[in-house]
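# Notes for the structure review
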Amino acid sequence: MPETPPRISRKRKLWISVGILVVMGAVFGGYAYYRLMWEHREPLIQDPEERFKYGSIGAEHDAGVPYWIFYVLPRMFPEKVPGPNGLASFGVSWEQGRELPIGFTKKVIGIPRVGNNCAACHIANYRTRLDERPTFVTAAPGHTLNLEAFFRFLVDCAKDPRFNADNLMHEIALVTDLDWFDRIAYRFLIIPITRKRLRERETQFAWIYHKEFPEWGRGRDDAMNLTKYFMIKVKMDDSFGPSDIPSIWNLKKYDREGTTMNWSGDSHDSYSVIMDSALGLLGAAPHDKNEFLDQVKWLQDYLRAKAPPRYPFPTDEKIAASGKNVFDQHCAGCHASEKTGTRMPLAMVDTDPERIGTWNKENAIAANKVVRSFGIERKGLVEDSLIGYNPPFLDGIWLRAPYLHNGSVPTLRDLLTPPDKRPKVFWRGYDLYDPVNVGFVSQGPEAERVGTKYDTAERASHNQGHVPGTTLSDQEKNALLEYLKTL
Amino acid sequence: MAEPTSPPKRGKCFWIATALVVLAVPFVLFGLYLAFLLMQDEPVVYADIREHFKYGSTGGERESGLPYWIFQAMPTVCAPHLPGPGWASLGFIFEDGKDLPVGMSKRRRMGVDRTFINCAACHTSTVRDTPQSKPRLYLGMPANTFDLFRFQKFLFDCARDPKFSTEYVVPEVARLMREKGHRLGLLDRYVVYPIAVGLMRERLGMLHGRLGPLLEHTEWGPGRTDTFNPNKVLFNFPLAQLPDREKNAAVDFPSIWLQRRRQGMQLHWDGNNVMAEERNKNAAFGTGTTPPTIDLAAIGRLEAWLLAEEPPKYPYPIDSSKAARGALIYKEYCASCHGSSGRDFAPPAGDTSRECLKPDERDDGLYGPYVGRITRIEEIGTDRHRLDSFSYELAVTLGTVYAGYPHRYCHYRKTFGYANMPLDGVWLRAPYLHNGSVPTLRDLLEPSAARPREFYRGNDVYDTTRVGFVGSVAGQGGQRFFRYDTALPGDSNAGHEGRPYGTELRPGDKDALVEYLKTF
């Protein structure tokens with residue numbers, strides 16, 4: 001007799017179905033999580049130079065752009081790129097054979113994403129002659145980088161009606177083979193979300209679209225305003241103060257008691273400066289706090305010990321020695337003394353005051369509060385009004401052209417010229433070095449083609465002040481320049 | 001006996017369901033057919049490697065293929081844009097009984113036969129002994145007669161011509177098909193070809209927008225191409241904004257035989273890459289491929305074949321005692337840079353690892369008076385447009401190509417000179433210098449002031465005295481050759497001159513040297 005199968009009750013059936021659905025949902029959800037959110041951990045780069053140049057500091061989480069979108073944007077929107085060479089036109093430092101420029105990191109968090117690290121701004125390239133490939137110097141000022149254009153580029157692309165899934169997917173299909181999951185995810189999630197996130201930046205970045213503000217130009221960054229609008233999210237004010245991206249080598253010089261950092265002495269110590277800059281790159285609280293603190297500590301150790309680069313042309317020891325006498329007599333009082341790296345009233349140097357107006361005591365208190373709210377301890381920003389510019393240490397000064405905090409004087413020789421005789425218009429961001437005047441070539445067809453125009457009549461760009469040294473004899477100036485090359 | 005069972009009574013539902021199924025069948029079948037068409041991707045394959053080289057696919061038709069029948073119709077529809085009758089007037093070579101020229105491959109893709117150029121278009125040509133003799137085909141030699149510049153221009157001009165429309169193209173396609181005993185189907189006539197014409201107009205219009213500025217440069221003429229400015233189009237660099245020194249960068253097509261012995265050499269005219277595979281993949285962009293659509297297996301076959309493929313021997317008599325005298329001169333003047341003979345050349349131990357360029361890698365090893373190394377531009381003194389067209393910015397941007405694949409480019413580097421080439425099969429590689437500015441070997445041994453200031457390119461009749469192609473004839477049998485003017489930007493014939501380069505030798509010694517070079 002055939003056995004009748006045991007009857008399953010209707011209720012039980014229902015439960016089994018629900019169970020199957022839940023398991024399937026969980027499997028699919030897990031898979032989707034893995035494909036969209038799972039962070040692939042990669043071993044730390046061992047070589048310190050490589051790590052500084054290409055190591056992730058965790059900026060791919062909130063500030064990261066999906067790799068394939070980042071990849072196709074310059075080719076989809078060449079009209080928004082400041083030059084004929086795609087991503088390279090932004091003045092990034094890019095080594096041959098590398099997939100991304102220095103300072104750009106790639107990390108898989110579900111999908112590959114691109115973020116930045118400190119080296120994006122703190123790397124210099126120079127050439128000693130025309131027919132030569134560039135030499136890269138880590139921790140040096142990114143004098144070629146057009147940071148403002150890069151900020152605008154991403155936002156402007158996202159605002160363009162051509163930034164849609166159809167066009168982006170078509171362009172991506174020309175360069176790689178995405179699998180079915182990525183195709184769906186890019187079309188329906190990643191592209192729309194990226195567009196939204198990038199468009200949101202427009203309000204934060206409102207001041208870089210301010211019609212009355214001139215361009216920062218290559219090598220400059222309105223750093224304190226960036227902090228204001230990003231970290232403490234204050235309402236846009238009328239202040240504007242782009243200044244040179246600084247060198248960040250040899251930070252142990254700031255260990256001395258009483259020194260403060262940044263152009264106006266706005267921050268207490270190197271740990272705080274690195275911390276705040278890195279948080280700026282993350283654009284949010286760190287995803288993994290301990291990992292982030294380890295990164296910052298490593299950066300601090302690396303940058304404290306990093307030696308300034310040697311001058312790449314021959315120097316005359318005898319002339320340099322006589323230049324040292326000139327230096328001791330005319331410069332050392334500010335640049336090699338107890339005063340160096342400490343606050344000094346503006347009247348003492350009388351350079352362009354605008355940068356001082358971009359930051360104040362309340363901003364500092366607010367910013368310190370934000371960082372504390374992440375559970376991060378640091379000495380932090382100086383909770384006091386700004387009074388002027390700190391006389392800087394001059395280590396590796398040859399590679400820190402153009403000069404003064406706002407980069408308004410192209411060469412050291414020009415800086416030793418009375419303010420009204422200094423170049424009124426020049427071009428920044430060309431990488432050919434001028435060993436005669438000590439700085440970068442800033443005039444002529446190539447400098448004009450590659451560089452951005454700097455007009456000292458524009459706001460925050462005046463080249464006044466810093467008159468010591470301008471009355472020296474030509475011989476003394478030459479000797480002094482020779483000595484400065486050796487620092 | 002069992003009673004016959006009466007068929008069960010069928011309800012209304014059954015009939016409705018049956019009707020739906022019957023109605024659905026054609027849709028399902030049509031859907032399957034469309035799916036089949038969309039999935040279709042069948043290249044014409046050739047077992048014989050030489051046939052594969054001439055007519056096989058690199059995968060370029062997938063992304064860039066022209067519908068086969070439209071390709072056949074274009075010379076008629078757009079006849080006024082061609083210099084003469086048919087594709088042959090652009091220097092394409094037709095072998096007897098072939099419907100496509102050498103260098104065009106065919107692949108059935110999404111229900112349409114498509115065709116596009118392959119490697120042979122630029123690396124195959126012909127030689128004739130006299131204007132009357134039959135041309136001999138040589139694979140792997142520079143495509144001395146093929147005019148890639150005008151081919152591009154023709155495609156753009158044709159696509160923009162009002163006649164390039166369904167009205168003109170489809171009837172011509174139908175006529176051509178009838179001639180060959182085929183019929184143009186309804187789907188093709190009313191859907192496929194009208195759409196194809198529209199798509200071609202759009203795509204070629206887009207390409208014209210990007211490549212158009214190149215057509216303003218010094219015209220390349222047959223046998224030449226601008227290698228790296230079109231490469232910039234891949235990244236959509238706006239060519240109109242290029243600085244002048246990067247423009248006008250046409251160079252001779254190279255020969256592509258004997259690749260194995262080139263391993264470890266700096267490849268390309270400026271020696272910007274040591275990896276043959278990267279060079280080849282980049283050249284394949286010129287055949288219309290993209291990273292996802294390149295046919296790596298098909299290209300791999302060619303790469304393997306070209307490793308050992310020998311250059312053709314010089315087919316005319318050689319004065320052996322004169323050549324023997326030339327050998328001594330060669331040894332003294334040429335051997336250090338160009339290798340000890342036409343077969344025996346080896347670069348000094350260079351980087352043959354496959355590892356990517358390392359940070360701060362020194363460049364010193366790239367330069368020097370050795371074969372496969374580079375002579376700095378201030379020393380060689382030849383036209384520098386090609387050198388400057390490969391900008392540092394382009395070199396680094398090439399590092400992004402094939403990202404996500406194991407074969408991402410990581411060897412492109414900016415150099416500051418031209419590479420010292422081995423001279424295997426040099427007799428077929430005329431005109432000479434990277435930009436093909438000197439018609440014959442004998443002319444190359446004269447100082448630039450004494451080299452021809454103007455000559456004609458595109459003739460395949462061989463000049464056995466001066467060793468190179470006849471460059472003094474403006475036209476032949478209705479065909480006009482291309483006048484090459486060395487005064488135009490990018491076309492200078494200066495450089496590679498002075499005592500070390502043999503231009504101060506006595507005339508008899510120069511003749512002997514040229515005689516010896518015939519043996520290479």
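Residues numbered from 1 in each chain as written. Chains lettered and ligands numbered in written order. Predicted model: local features only at pLDDT ≥ 70, side-chain atom pairs only at ≥ 80, totals over all residues.

### Here's the deal with the overall build of chain A
Counted only if it meets this: The secondary structure listing takes helices from DSSP runs of H or I that are at least 4 residues long and strands from runs of E that are at least 2 residues long, numbered from the N terminus. We call a residue exposed when 12 or fewer other C-beta atoms sit within 10 Å of its C-beta, buried when the count reaches 20 or more, and partly exposed for counts in between; the C-beta positions come from the backbone. Contact criterion: two residues are in contact if their C-beta atoms, reconstructed from the backbone, are within 7 Å.
Scanning chain A for helices and strands turns up 15 helices and 11 strands. Counting all 487 residues of chain A, 44% fall into the buried class. Looking at chain A alone, contacts between residues at least 24 apart form 74% of all its contacts between residues at least 6 apart.

### Overview of the overall build of chain B
Scanning chain B from N- to C-terminus turns up 18 helices and 16 strands. Referenced to the eigenvectors of the C-alpha coordinate spread, the extents of chain B come out at roughly 115 × 55 × 55 Å. Burial statistics for chain B: of 520 residues in total, 48% are counted as buried. Residue pairs at least 24 apart in sequence account for 75% of intrachain contacts in chain B once pairs closer than 6 positions are excluded.

### So, the sheet that holds strand S1 (residues 41–43) of chain B
All names here are of chain B. Note the cut-off: Paired strands, as defined in this entry, are two strands with at least two bridges between them according to DSSP.
With antiparallel pairing, the four strands of this open sheet are ordered in space as S1-S3-S4-S2. With partners counted over all chains shown, the strands left at the sheet margins are S1 and strand S2 (66–67), one partner each. Alignment of S1 against strand S3 (residues 104–109), held across three bridges, turns out to be antiparallel. What sits directly across from Pro43, in S3, is Arg107.

### Topic: the confidence of the model for chain B
The condition is simple: Confidence scores per residue from the predictor, reported as pLDDT, run from 0 to 100.
Chain-level statistics for chain B give a pLDDT mean of 93 and a share of 98% at 70 or above. Per the prediction output, this complex has pTM 0.93; the corresponding ipTM is 0.94.

### Digging into unusual backbone geometry
Across the junction of A:Ala401 and A:Pro402, the peptide omega takes the value -15°, indicating a cis bond. The peptide bond linking B:Ala430 to B:Pro431 adopts the cis configuration, its omega dihedral lying at -15°. Here B:Pro431 lies in the loop between strand S10 (417–419) and helix H17 (441–444). Residue B:Leu258 is not a glycine yet carries a positive backbone phi of 45°. You can see B:Leu258 is positioned in the loop between strand S8 (250–252) and helix H10 (276–285).

### Focus: the interface of chain B and chain A
Rules: When residues are sorted by character, Ala, Val, Leu, Ile, Met, Phe, Trp, Tyr, Cys and Pro go into the nonpolar class, Asp, Glu, Lys and Arg into the charged class, and all the rest, Gly among them, into the polar class.
Residue-level contacts link 31 residues of chain B with 23 residues of chain A. By residue number, the principal contributor to the side of chain B that touches chain A is helix H16 (residues 392–397) of chain B, which donates five residues. Considered class by class, the residues forming the side of chain B that touches chain A number 18 nonpolar, eight polar and five charged.

### Focus on the packing of helix H6 (residues 148–160) of chain B against helix H8 (residues 186–211) of chain B
Residues and elements named next belong to chain B. Quick note on the threshold: Between the N-to-C directions of two axes lies an angle of 0 to 180 degrees, each axis being a line fitted to C-alpha atoms and, for a helix, fitted only over the stretch in contact. Just so you know how the angles are binned, under 35 degrees is roughly parallel, over 145 roughly antiparallel, 65 to 115 roughly perpendicular, and the rest oblique. Crossings are assigned a handedness: left-handed for a near helix turned anticlockwise from the far helix by less than a right angle, right-handed for a clockwise turn.
Running from N to C, H6 and H8 cross one another at 130°; their axes reach a closest spacing of 9 Å. As judged from the angle between their axes, H6 and H8 are oblique. Crossing of H6 against H8: the hand is left-handed. Contact residues: H6 offers Gln152, Leu155, Phe156, Ala159 and Arg160, while H8 offers Met200, Arg201, Leu204, Gly205, His208 and Leu211. Class assignment for the residues of the contact of H6 with H8 results in six nonpolar, three polar and two charged.

### Details of the packing of helix H8 (residues 270–282) of chain A against helix H9 (residues 289–305) of chain A
Residue and element names in this part refer to chain A. At their nearest, the axes of H8 and H9 sit 10 Å apart, and the two run at 125° to each other. One element, H8, and the other, H9, form an angle in the oblique class. In this structure, H8 meets H9 at a crossing whose hand is right-handed. Within the contact between the two elements, H8 uses Ser270, Tyr271, Ile274, Met275 and Ala278 and H9 uses Val296, Leu299, Gln300, Leu303 and Arg304. A per-class count over the contact of H8 with H9 returns seven nonpolar, two polar and one charged.

### Notes on the nonpolar core
Note the following rule: As used throughout, a nonpolar core is a set of buried Ala, Val, Leu, Ile, Met, Phe, Trp, Tyr and Cys residues joined through C-beta atoms within 7 Å of each other.
Judged by nonpolar contacts, the single largest core of 203 residues is most densely connected at A:Val72, A:Leu484, B:Ile70, B:Val169 and B:Leu517. In contact with B:Val169, not counting residues within four places along its chain, are B:Ile70, B:Ala73, B:Val77, B:Phe164, B:Tyr193 and B:Val197. Core analysis: the next-biggest nonpolar cluster, separate from the first, contains seven residues, A:Met224, A:Tyr229, A:Trp359 and A:Leu386 among them.

### Looking at the sheet that holds strand S2 (residues 104–109) of chain A
Residues and elements named next belong to chain A. What the three strands build is an open sheet, ordered S1-S3-S2; its pairing is antiparallel. Each of the sheet's edge strands pairs with one partner strand only, and the pair in question is strand S1 (65–66) and S2. Judged from the two bridges that link them, S1 and strand S3 (residues 111–116) form a sheet pairing that is antiparallel. Bridge assignment links Pro66 to a residue of S3, and that residue is Arg113.

### As for helix H10 (residues 317–330) of chain A
Residue and element names in this part refer to chain A. Here is the rule we go by: A helix's residues, less one, multiplied by 1.5 Å, set its expected span. The directions considered for the arc are those from the helix axis to the C-beta atoms.
Look at H10: 20 Å from first C-alpha to last across 14 residues, which is about the 20 Å you get at 1.5 Å a residue. When we look at burial in H10, the residues that qualify are Gly323, Val326 and Phe327. Seen end-on, H10 carries its buried residues on one side only, within an arc spanning 100°. For H10, the exposed residues set more than 90 degrees away from the buried face come down to Glu317, Lys318, Asp328 and Gln329.

### Some words on the environment of B:Pro359
Note on placement: B:Pro359 falls in the loop between helix H13 (335–338) and strand S9 (374–376). Spatially, the C-alpha atoms of B:Pro359 and B:Val514 are 44 Å apart, while their sequence positions differ by 155 residues.

### Quick look at the environment of B:Leu184
All names here are of chain B. Summarising the element assignment, Leu184 is placed in the loop between helix H7 (166–179) and H8. A count of 19 C-beta atoms within 10 Å places Leu184 in the partly exposed class. Taking the C-alpha atoms as reference points, Leu184 and Pro171, 13 residues apart in sequence, are found 9.5 Å from one another. Discounting chain neighbours no more than four positions away, the residues touching Leu184 are Val173, Ala174, Met177 and Arg189.

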